Amino acid sequence: MELECIRGVMGNIEYYLTDIPFIKVPKIFQPFFELKRTINNPLEKFQREINESRVKQIEQYILENEEFVLPAVVVSIEGSFQFIPNENNSKIGKLIIESNAIWIINDGQHRIKAITNLVNLIETYNKNKKALLTKEKQKVKKYYNRFTYVPYASLPIQILYSKSLESNQQIFSDINRNAKKTPKSLDILFDNRDTYATFLKELIKNNSTLQDIIEFEKGTIPLNSPKAYTLVDLYNALKIIEDKKLFIEFLNFILHKFSFDKEDKETYIYPYSIFLTAYAKLTKELGTTPDIPLESLKKDNLEGICIFDGKIKKTPQTVERLKNYLKNKEYLTKQLKIPALTNV
């Protein structure tokens, strides 16, 4: 195989950057997956087991988005290859890889597996539809326009030389040990395809009070913080309620009913994530935002419900208990006449 590439050096390791069309992925990486299946000794492994649910997530991501971004896959070539530089630039040239070389995937096997599945599926569909399951045929029909394009998309590849088993294990360890998953809050902030996320961000953008009480990046809020809820808390509440108009009513009521001074955290449950979740569940259940007497929201009244030995405990069970407690305490009155948040 001959590939145009760019040569670089990182930490005394020479590497080559190139790309390959999706349609070539199954054939190139089939030997890797075959080799991986034959290794049972944990000490001889160089990759983790495939997580099929992760593979399906990547497949859907590719199919559902005309613009998609996949990070470069890192591979080590087990076999001989040669770099031939251009005359005018020693960093640009051609990489010639022997046909029986094995491309060991150091990082990106789930991307490779997802691409392999999609390419194999469209090829089988075009050659022999009867060989496919009904759900596979339906999948191709639903995304047919995307499927016809997918085989010709290109995948960026970073190629290294495979020195040994220990080298491949170390590369895997280095990449994954130093990787850090992004917080859920940043996923919400930066995701402009998620309709819930974009709706919520538009609401927050137009309301300074909301901005003051929301923690945008951290997953937890210290007791002495002026913030009441995380961005994830509000996002989850919106997904619980679903109806955007009802969610605006829900937020309006909270913002006008409660104060959010730091001192309130010592006395009341409402400036906490567990209250927002339970209150959202009750609002969804009733189809309207219930009015809860402030006295009922004192922490002293919630021992054994969601507070144990003076500490708040948030679990699915305690959220449900708090929701039922609020339901028993609520009394439906005429909703406060309050200025509405901007409806988007």
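Each remark here, short or long, concerns the structure printed above.
Residues numbered from 1 in each chain as written. Predicted model: local features only at pLDDT ≥ 70, side-chain atom pairs only at ≥ 80, totals over all residues. Heavy atoms only, no water.

Novice: Can you explain the side chain of Ser76? Please cite residues and give values.
Specialist: Inspection of the secondary structure puts Ser76 in strand E3 (residues 73–78). Look at Ser76 and you get buried, because its relative accessible area is 0%. In this structure, Ser76 is in contact with Ile102, Trp103, Ile104, Asn106, Leu160, Tyr161, Ser162, Asn168 and Ile171, ignoring residues within four places of it in sequence. (Helix = DSSP H or I, 4+ residues; strand = E, 2+ residues; numbered from the N terminus. Buried < 20%, exposed > 50% of the residue type's maximum accessible area, 1.4 Å probe, protein only. Contact = heavy atoms within 4.5 Å.)

Novice: Residues and numbers for the pairing of strand E7 (residues 154–161), please.
Specialist: With six bridges joining them, strand E2 (residues 13–21) and E7 adopt antiparallel strand pairing. Looking at E7, one finds that Pro21 is bridged to Ser154. Looking at chain direction, E3 and E7 are connected through five bridges and run parallel. Of the residues in E7, the one forming a bridge with Ser76 is Leu160. (Pairing = 2+ DSSP bridges.)

Novice: Please provide a residue-by-residue account of the packing of aromatic side chains, values included.
Specialist: Counted according to the given criterion, the structure contains 17 aromatic pairs. Note on Tyr16 and Phe83: the rings are 5.4 Å apart at their centroids and 35° apart in plane angle, and the pair reads as tilted. Residue Tyr16 is found in strand E2, and its partner Phe83 is found in strand E4 (residues 81–85); the two are separated by 67 residues along the sequence. Residues Tyr16 and Phe83 agree in their burial class; the two are buried. Aromatic side chains Tyr229 and Phe260 sit 5.9 Å apart centroid to centroid with 80° between the ring planes, which places their arrangement in the edge-to-face category. Placement of the pair is Tyr229 in strand E9 (residues 229–230) and Phe260 in the loop between helix H11 (244–257) and helix H12 (264–267), with a sequence separation of 31 residues. The residues Tyr229 and Phe260 share a single accessibility class, namely buried. Here a set of aromatic residues connected by ring pairs shows up, and it is made of Tyr229, Phe247, Phe250, Phe258, Phe260, Tyr268, Tyr270, Phe275 and Tyr279. In this arrangement the basic side chain of Lys113 is found over the ring face of Phe33, its NZ or CZ atom lying 5.4 Å from the centre. (Phe/Tyr/Trp six-rings, centres within 6.5 Å; stacked < 30°, edge-to-face > 60°. Lys NZ or Arg CZ within 6 Å of the ring centre and 35° of its normal.)

Novice: An account of H11 is requested, with residue identities and associated values reported.
Specialist: Because an α-helix packs 3.6 residues into every turn, residues spaced three or four apart end up facing the same way. With 14 residues, H11 should reach 20 Å at 1.5 Å per residue; the first-to-last C-alpha distance of 20 Å fits that figure. Buried residues of H11: Leu246, Phe247, Ile248, Phe250, Leu251, Asn252, Phe253, Ile254 and Leu255, and no others. Two or three places before Lys245, at the start of H11, stands the capping residue Asp243, its side-chain oxygen 3.1 Å from that residue's backbone nitrogen. (Expected span 1.5 Å × (residues − 1). Polar contact = N/O pair within 3.5 Å; in protein donor to acceptor, adjacent residues only side chain to side chain.)

Novice: Describe the packing of helix H2 (residues 52–64) against helix H3 (residues 109–127), listing the residues and the values that go with them.
Specialist: When two helices pack together, their arrangement is given by the angle between their axes and by how far apart the axes lie. In contact at an axis separation of 8 Å, H2 and H3 are set at 60° when each is read in the N-to-C sense. It follows from the interaxial angle that H2 and H3 lie oblique. Crossing handedness for the pair H2 and H3: right-handed. For the pair H2 and H3, contact is made by Glu52, Arg54, Val55, Ile58, Glu59, Ile62 and Leu63 and by His110, Arg111, Lys113, Ala114, Ile115, Asn117 and Leu118, respectively. Classifying every residue of the contact of H2 with H3 gives seven nonpolar, two polar and five charged. (Axes fitted to C-alpha atoms, helices over the stretch in contact; angles between N-to-C directions. Parallel < 35°, antiparallel > 145°, perpendicular 65-115°, else oblique. Left-handed = near helix turned anticlockwise from the far one by under 90°. Nonpolar A, V, L, I, M, F, W, Y, C, P; charged D, E, K, R; others polar.)

Novice: Quick rundown of the sheet that holds E4? Include the residues and the values.
Specialist: Neighbouring strands of a sheet are bound in pairs by backbone hydrogen bonds; such pairs are parallel or else antiparallel. Taking strand neighbours across the sheet as the criterion, the seven strands line up as E4-E5-E1-E2-E7-E3-E6 in an open arrangement whose pairing is mixed. The open sheet has two free edges, formed respectively by E4 and strand E6 (102–107), since each of these has just one partner strand. Pairs of neighbouring strands in the sheet enclose a mean axial angle of 40°, with direction left out of account. Two elements, strand E1 (residues 2–10) and strand E5 (residues 92–97), share five bridges in a ladder whose sense is antiparallel. In the sheet register, Leu3 faces E5, and the bridge partner there is Leu95. Those strands touched by helix H1 (residues 25–38) are E2, E3, E6 and E7, and its axis lies near 80° from that of E6.

Geometry only, nothing functional implied.
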